[in-house]
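# Architecture and fold: a report
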Amino acid sequence: MELFQDLQRSSDHSECDNSSFKAVRRKLRADVTAAFPILGTDQVSELVPGKEELNVVKLYAHRGEAVTVYVSGGNPILFELEKNLYPTVYTLWSYPDLLPTFTTWPLVLEKLVGGADLMLPGLVVPPAGLPQVQKGDLCAIVLVGNRAPVAIGVAAMSTSEMLTSGLKGRGFSVLHTYQDHLWRSGDKSSPPSVDPLGLDSSDLREERGSVQADPALQDDMRCLTLEGEEDNGQGQQMCGEKMLPEASEGPDAGDLNTSPTGSKTLQEQMDELLQRCFLHALKCRVKKADLPLLTSTFLGSHMFSCCPEGRQLDIKKSSYKKLSKFLQQMQQEQIIQVKELSKGVESIVAVDWKHPRITSFVIPEPSPTSQTIQEGSREQPYHPPDIKPLYCVPASMTLLFQESGHKKGSILEGSEVRTIIINYAKKNDLVDTDNKNLVKLDPILCDCILEKSEQHTVMKLPWDSLLTRCLEKLQPAYQVTFPGQEPIVKKGKICPIDITLAQRASNKKVTVVRNLEAYGLDPCTVAAILQQRCQASTTVTPAPGAKDSLQVQIQGNQVHHLGWLLLEEYQLPRKYIQGLEKAPKPGKKK
């Protein structure tokens with residue numbers, strides 16, 4: 001995510017002239033030499049001059065990160081974030097070969113300036129191939145036809161991983177761009193024209209002309225959206241993922257939209273798939289008790305689940321373009337009734353299950369091929385772990401449990417604790433002779449389970465109260481058993497999957513999910529599923545304050561989709577999920 005969409009200047013501001021702060025200059029030059037060994041001594045001295053004024057400015061980026069900016073000659077030349085030194089675009093224009101460079105299309109720049117990361121489908125692969133980088137390497141981003149960098153970012157994967165993925169997924173986390181607030185703090189000059197390496201003037205004119213002259217390519221570029229940019233609430237598309245044109249002109253238009261395997265266009269095939277998933281979901285998955293049902297939940301939790309193996313449902317590639325238009329058509333056919341129960345939120349309020357289109361729909365059987373593929377796949381279907389609460393004997397209760405052969409730190413099940421307490425009471429004749437439901441408390445029981453204020457007043461306790469108090473005094477532990485694996489025992493209580501809502505820039509809500517790993521769930525897999533179900537962008541980031549733990553962030557309030565995924569598909573018990581009550585509730589009928 002681009003850092004400098006907004007800046008706040010700190011009161012910490014200093015200037016370095018010829019006679020002062022020589023140590024700051026020396027340290028900065030040493031840091032530049034260490035960070036960018038490609039620069040020679042003369043170039044470092046040119047970048048950090050000894051005679052010109054050098055300003056050191058402390059800023060806060062739009063997400064609250066403290067950034068130190070070094071300004072020389074009126075332009076920011078370097079910035080430091082978390083003890084890492086980065087060049088600005090002003091510096092890269094003087095040293096265009098300072099970082100490995102990756103090329104994208106000119107129309108992508110406005111997306112990067114808007115705060116988006118660069119996705120791999122948006123890259124332009126040169127004839128010589130992509131530069132060799134490792135995950136985490138700092139890279140420059142340039143536009144076709146000009147080697148002057150317009151952005152810098154950190155590689156999200158190595159070059160080999162990029163190629164292995166088929167150039168799909170996030171490529172670079174963008175830190176700073178031309179036209180962002182950091183650039184505006186300088187003289188606001190435009191990128192110089194730097195010819196790409198290995199191209200003569202005729203090749204360069206041809207390359208630039210191809211981008212300007214091909215209207216079809218221009219249309220494709222306008223369809224590029226990157227993670228971080230909203231698409232009118234209808235979800236996200238990765239950079240480089242092209243939408244089918246709604247209409248095409250010219251004699252070859254039909255060939256562009258026609259599937260090579262049949263006479264139907266891709267748009268017609270998507271319309272059929274959309275209606276098939278719609279009818280399948282109504283016939284098999286939606287019950288009367290589910291109504292009213294949010295239309296977004298119907299799509300994400302029901303229709304997507306009915307999509308045949310090997311196919312992908314994409315409303316934007318259908319003639320309807322939007323779910324609301326498709327549902328309006330189904331309402332006109334009197335299959336469903338859709339109402340806006342709260343402002344801007346539509347729900348399905350009624351379904352005619354006796355409609356001929358539903359009754360005549362034949363539920364497709366899973367093909368033997370898809371079953372074979374699933375059985376032979378390395379990715380096994382998820383099965384929830386078996387979680388068993390346990391109890392650990394603390395030092396304060398060792399006297400009560402030592403007769404049964406247990407000591408401090410012993411791990412017991414609830415049933416074992418119950419048996420030990422019953423045997424202890426019977427062995428020491430503590431069961432009340434007049435009332436078998438009461439147990440007399442001896443000094444050991446008094447010390448173990450009673451509060452100090454009770455030790456001289458409480459002489460007997462009912463069995464259930466005795467056992468309850470005993471379990472409360474023991475330390476909690478738990479055992480997790482994943483299918484096909486040995487049980488894992490840990491002290492403490494297992495952290496539930498935590499679902500929260502947070503506010504981000506422009507007062508937008510995001511849904512954040514933590515602690516998935518404790519239940520054997522891969523955050524990246526969950527993020528990919530939710531991205532498709534919710535038709536919204538997702539990101540996976542380190543969870544604050546948790547070592548080696550990741551969190552998934554989804555645009556918008558997606559608690560409904562999360563609840564369906566975790567409870568219905570993954571079959572996790574509700575008691576291990578907190579935050580489900582945060583789901584948006586349909587408004588009352590007016």
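Before any of the text, the structure's been laid out above.
Residue numbers restart at each chain and count upward from 1, following the sequence in its written direction. This being a predicted model, a pLDDT of at least 70 is required before a residue's local features are given, and a value of 80 or more before pairs of side-chain atoms are given or counted; all residues contribute to the totals for chains, interfaces and linings. Think of the side-chain values as coming from all heavy atoms in the structure, minus any hydrogens and water.

The next thing to look at is helix α12 (residues 323–332). Each full turn of the α-helix corresponds to 3.6 residues, which orients residues three or four apart in the same direction. Categorising residues by exposure relies on relative accessible area from a 1.4 Å probe, with only protein chains included: less than 20% of the type maximum marks a residue as buried, more than 50% marks it as exposed, and the intermediate range marks it as partly exposed. Each helix corresponds to a stretch of at least 4 residues labelled H or I by DSSP, and each strand to a stretch of at least 2 residues labelled E; elements are numbered beginning at the N terminus. For α12, the set of buried residues is Leu323, Phe326, Leu327 and Met330. Buried residues of α12, seen end-on, are gathered within an arc of 95° and therefore sit on one face of the element. Where α12 is buried, its residues meet α10 (266–284), α11 (295–303), β13 (336–342) and α13 (356–359). Within two residues after α12, Gln334 carries a phi angle of roughly 65°, on the positive side. Think of it as the arc spanned by the lines of direction from the helix axis to the C-beta atoms. Residue contacts are defined here by distance: any two heavy atoms, one from each residue, within 4.5 Å place the two residues in contact.

This paragraph deals with the sheet that holds strand β10 (residues 146–155). The 6 strands lie next to each other as β7-β11-β10-β9-β6-β8, forming an open sheet whose pairing is mixed. Here the strands that pair on one side only, and so sit at the sheet edges, are β7 (118–119) and β8 (123–124). Strand pairing is assigned whenever DSSP detects at least two bridges linking the two strands. Direction of pairing for strand β6 (residues 101–104) relative to strand β9 (residues 138–143): parallel, over a ladder of 4 bridges. The residue bridging Phe102 from the neighbouring strand is Ile141, located in β9.

To continue, consider the nonpolar core. The definition of a nonpolar core used throughout is a set of buried Ala, Val, Leu, Ile, Met, Phe, Trp, Tyr and Cys residues joined through side-chain atoms within 4.5 Å. With 32 residues, the main nonpolar core has Val32 and Leu78 as its most contacted residues. Element by element, the count of residues in this core is highest for strand β2 (residues 54–61), at 5 residues. Filtering out sequence-adjacent residues up to four positions away, Val32 remains in contact with Leu39, Val44, Leu47, Val48, Leu78 and Leu85. One finds Leu279, Cys306, Leu323 and Val351 within the second-largest nonpolar core, a separate group that totals 31 residues.

We now examine unusual backbone geometry. Among all residues save glycine, negative phi is the norm, and among peptide bonds the norm is trans. The omega angle of the peptide bond from Leu291 to Pro292 is -5°, so this bond is cis rather than trans. The phi dihedral of Gln571 is positive, around 60°, even though this residue is not glycine.

Another point: the packing of α11 against helix α20 (residues 559–569). Think of two packed helices as two axes; the pair is described by the angle between the axes and how far apart they sit. One can describe the packing of α11 onto α20 by two numbers: an axis separation of 9 Å at closest approach and a directional angle of 25°. As judged from the angle between their axes, α11 and α20 are roughly parallel. The crossing of α11 and α20 is right-handed. From α11, Ser296, Thr297, Gly300, Ser301 and His302 reach across to α20, where they touch His560, His561 and Trp564. Think of it as three bins: nonpolar holds Ala, Val, Leu, Ile, Met, Phe, Trp, Tyr, Cys and Pro, charged holds Asp, Glu, Lys and Arg, and polar takes everything else, Gly as well. For the contact of α11 with α20, the residue count by class is 1 nonpolar, 7 polar and no charged. The convention used is that axes are lines fitted to C-alpha atoms, helices contributing only their stretch in contact, and that angles between N-to-C directions extend from 0 to 180 degrees. When describing relative orientation, an angle under 35 degrees is termed roughly parallel and one over 145 degrees roughly antiparallel, while 65 to 115 degrees is termed roughly perpendicular and anything else oblique. Two helices cross in a left-handed way if the nearer one is turned anticlockwise from the farther one by less than a right angle. They cross in a right-handed way if the turn is clockwise.

Just to be clear on terms, a salt bridge is a Lys or Arg side-chain nitrogen sitting within 4 Å of an Asp or Glu carboxyl oxygen. Enumeration according to the criterion identifies 11 salt bridges in this entry. Of the charged contacts, one joins Arg514 and Asp498 as a salt bridge, the two residues approaching to 3.7 Å between their closest N and O atoms. Here Arg514, found in strand β22 (residues 508–514), pairs with Asp498, found in strand β21 (residues 497–504); they are 16 residues apart in sequence, far enough to count as distant. You can call Asp498 buried: its relative accessible area is 15%.

Attention now goes to the sheet that holds strand β19 (residues 475–481). If you walk across this open sheet you meet the 4 strands as β16-β15-β19-β20, and the pairing is antiparallel. The open sheet has two free edges, formed respectively by β16 (411–413) and β20 (488–491), since each of these has just one partner strand. Ignoring which end each strand starts from, the neighbouring axes of this sheet average 35° apart. Relative to β16, strand β15 (residues 386–392) is paired through 3 bridges, and the arrangement is antiparallel. By the bridge assignment for β16, Leu390 is matched with Glu413. Lying on the sheet, helix α16 (residues 414–427) is in contact with β15 and β16; it crosses β16 at an angle near 90°.

No statement about biological role is implied by the geometric values presented.
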